[in-house]
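Examining the three-dimensional arrangement
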Amino acid sequence: MAGSEMAQHETYMALAIREAERGLYTARPNPRVGCVLVRDGVILGKGFHLQTGTEHAEVNAISAAGGDVAGATAYVTLEPCSFVGRTPSCAETLIQQGIKRVVFAAEDPHPGNRGKGFDKLKAAGIEVIGPILASSAISLNPGHFKKYQSNLPYVRLKLAQSLDGRTALANGASQWITGTEARHDVQKLRARSCAVVTGVDTVIADNPGLNVREQDLSSEYARLASEIRRPIVVLDSKGRMPVSAKLASDPNLIIASLSERPDFDVKQCVIAASDKGQIDLLQLLQFLVQEEDCSEVLFECGATLAGSLIQSGLMDELVLYIAPKLMGSGAKGLIQLDELLDMKDVPTLFLTDSRQIGDDLRLTLQNKRL
């Protein structure tokens, strides 16, 4: 492929990825997908997938083009679906509309696809080119890829600390360590997640809401993002969840425990105990994939659960907010880890992004080097 042709493909694919980003907070549990239709160097239409059960990106792009797309090239961020689900097959739609060529960013790991969409297009005489900007498309949907590759969701851990690594004063006071801008930024993490997980200690100490607030989310679809069902899971192995807690009246609440609590009229899931007598985090994540169709899960929790998650090896990404404050050696620490006796056992994370959010610093780190 000539350099000029590749540059052209990358330009239009970058536009398709920007389209896909418009569904970042609303497409769950479906992947975020964008499509751009081009003919003779002219963009005919653009589209993205907004919400499960609604039209896919390809159909929305065709609609935006007014339906006249014969002979066009479709730039799609994910392999067009080959099967009929809640909506028709996008591969079949492209064929029927007379699309000449499909340029894709990434193959779909969904077992109903995995190349089957491409096979259908090729069998109809449509040229298929790709992958183009694959890493960008995959990073937009890390949970979709991980879910179908390992039957586990992509797991983020959000933490906030002072400059000296503290999360609360000795008396428990912690509101607020970070500033308003950082707290609004956390809304984006929640909105893109399929579920939010916390521990009962955090509920008792902070009485959080953990919901997505429309007024705090800077997005063209903030209202829809705030209304979409997003389970809030409280890990409560010893039945200490207060019935008076703010979360107790949230219809999205799920209590995960070692045994069912009959006096609590909310959704509950019983998870087996780990070898430490705690809720087994692997089984919890498997439950969220299998029963709640989760692909991205956010942990917002205290030091004990954060330490357990890190030591389990199940965390994929840490988002750490650091406030320019000093809280002193008597304040509470960020993470509770088992004692380590050898440097080779020290968990090592890899920095992928750092930026200032208001007065605070946000670090994004991966558990594995990209």
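Residues numbered from 1 in each chain as written. Predicted model: local features only at pLDDT ≥ 70, side-chain atom pairs only at ≥ 80, totals over all residues. Heavy atoms only, no water.

What follows is about the overall build of the protein. Scanning the protein for helices and strands turns up 11 helices and 16 strands. Against the globule reference of 21 Å for 370 residues, the protein gives a C-alpha radius of gyration of 23 Å, in line with a compact fold. Counting only C-alpha atoms and orienting by the principal axes, one finds that the protein spans roughly 70 × 45 × 45 Å. For the protein, the proportion of its 370 residues judged to be buried stands at 51%. (Helix = DSSP H or I, 4+ residues; strand = E, 2+ residues; numbered from the N terminus. Rg over C-alpha atoms; globule rule 2.2 N^0.38 Å. Buried < 20%, exposed > 50% of the residue type's maximum accessible area, 1.4 Å probe, protein only.)

Once that is clear, we can look at a nonpolar patch on the surface. Taken together, the side chains of Ile335, Leu337, Leu340, Met343 and Val346 make up a nonpolar region of the molecular surface, amounting to roughly 410 Å² of accessible area. Mapped onto the elements of the fold, isoleucine 335 is located in the loop between strand E14 (332-333) and strand E15 (350-357). (Patch = residues over 30% accessible without salt bridge, like charges linked within 9 Å, V, L, I, M, F, W, Y side chains within 5 Å. Areas by Shrake-Rupley, 256 points an atom, 1.4 Å probe, with all protein chains shown as cover. Salt bridge = Lys/Arg side-chain N within 4 Å of Asp/Glu carboxyl O.)

Topologically, glycine 115 is positioned in the loop between strand E4 (101-104) and helix H4 (116-123). The class for glycine 115 is buried, based on a relative accessible area of 10%. Taking the C-alpha atoms as reference, glycine 115 lies 49 Å from proline 242; in sequence the two are 127 residues apart. Residues in contact with glycine 115, not counting those within four places in the same chain, are Glu79 and Glu107. (Contact = heavy atoms within 4.5 Å.)

Counted by the stated rule, this structure contains three aromatic pairs. Ring geometry for tyrosine 12 versus tyrosine 75: centroids 5.2 Å apart, planes at 45 degrees, classification tilted. You can see tyrosine 12 sitting in helix H1 (residues 3-21) and its partner tyrosine 75 sitting in strand E3 (residues 73-76), a full 63 residues away along the chain. For the pair formed by tyrosine 12 and tyrosine 75, the shared burial category is buried. (Phe/Tyr/Trp six-rings, centres within 6.5 Å; stacked < 30°, edge-to-face > 60°.)

In this structure, proline 29 follows arginine 28 across a cis peptide bond, with omega equal to 5 degrees. Omega for the bond connecting glycine 130 with proline 131 falls within 30 degrees of zero, at 5 degrees, which places this linkage in the cis form. On the secondary structure map, proline 131 appears in the loop between strand E5 (127-129) and helix H5 (134-140). For leucine 133, which is not glycine, the phi dihedral falls at a positive 55 degrees. Turning to its location among the elements, leucine 133 is positioned in the loop between E5 and H5. Residue class for leucine 133 comes out partly exposed when judged on its relative accessible area of 29%.

On to the pairing of strand E16 (residues 360-366), then. Along E16, six of the seven residues are buried, which leaves the element largely enclosed by surrounding structure. Judged from the six bridges that link them, strand E13 (residues 317-323) and E16 form a sheet pairing that is antiparallel. Looking at the pairing, valine 319 lines up with threonine 364 of E16. As defined by bridge partners, E15 adjoins E16 across seven bridges and the pair is classed as antiparallel. Bridged to leucine 351 within E16 is leucine 365. Linking E15 back to E16 in an antiparallel pair, the connection comprises two residues, with glycine 358 at a positive phi of about 65 degrees. (Pairing = 2+ DSSP bridges.)

Across the sheet, five strands lie side by side as E2-E1-E3-E4-E5; this open sheet has mixed pairing. The open sheet has two edge strands, strand E2 (42-48) and E5, and neither has a second partner. Each strand axis lies, on average, 15 degrees off the axis of its neighbour in the sheet, ignoring direction. With three bridges joining them, E4 and E5 adopt parallel strand pairing. Within E5, the position partnered with valine 103 by the bridge is isoleucine 129. (Axes fitted to C-alpha atoms, helices over the stretch in contact; angles between N-to-C directions.)

Bringing empty space enclosed by the protein into the picture now. Scanning the model with the defined rule gives one cavity of 30 Å³ or more in all. Around the largest cavity sit Arg28, Pro29, Asn30, Pro31, Arg32, Asn141, Gly143, His144, Cys194, Ser295 and Glu296, which together line it. Broken down by class, the residue content of the lining of the largest cavity amounts to three nonpolar, five polar and three charged. (1 Å grid on protein atoms, 1.4 Å probe; cavity = no way out; pocket = protein on both sides within 12 Å on 5 of 7 lines; lining within 4 Å. Points joined across faces, edges and corners; volume = space filled by probe spheres on them. Nonpolar A, V, L, I, M, F, W, Y, C, P; charged D, E, K, R; others polar.)

Moving on to the sheet that holds strand E6 (residues 154-162). Spatial strand order, E11-E10-E9-E8-E12-E6-E13-E16-E15: nine strands in an open sheet with mixed pairing. In the strand order of this sheet, the two ends are held by strand E11 (267-270) and E15, each with one partner. Here the average twist between neighbouring strands, direction ignored, is 20 degrees. Bridging between strand E9 (residues 232-235) and strand E10 (residues 253-257) involves four bridges; their strand directions are parallel. The partner of valine 233 across the bridge, within E10, is isoleucine 254. Lying on the sheet, helix H7 (residues 180-191) is in contact with E6, strand E8 (195-199), strand E12 (296-300), E13, E15 and E16; it crosses E13 at an angle near 170 degrees.

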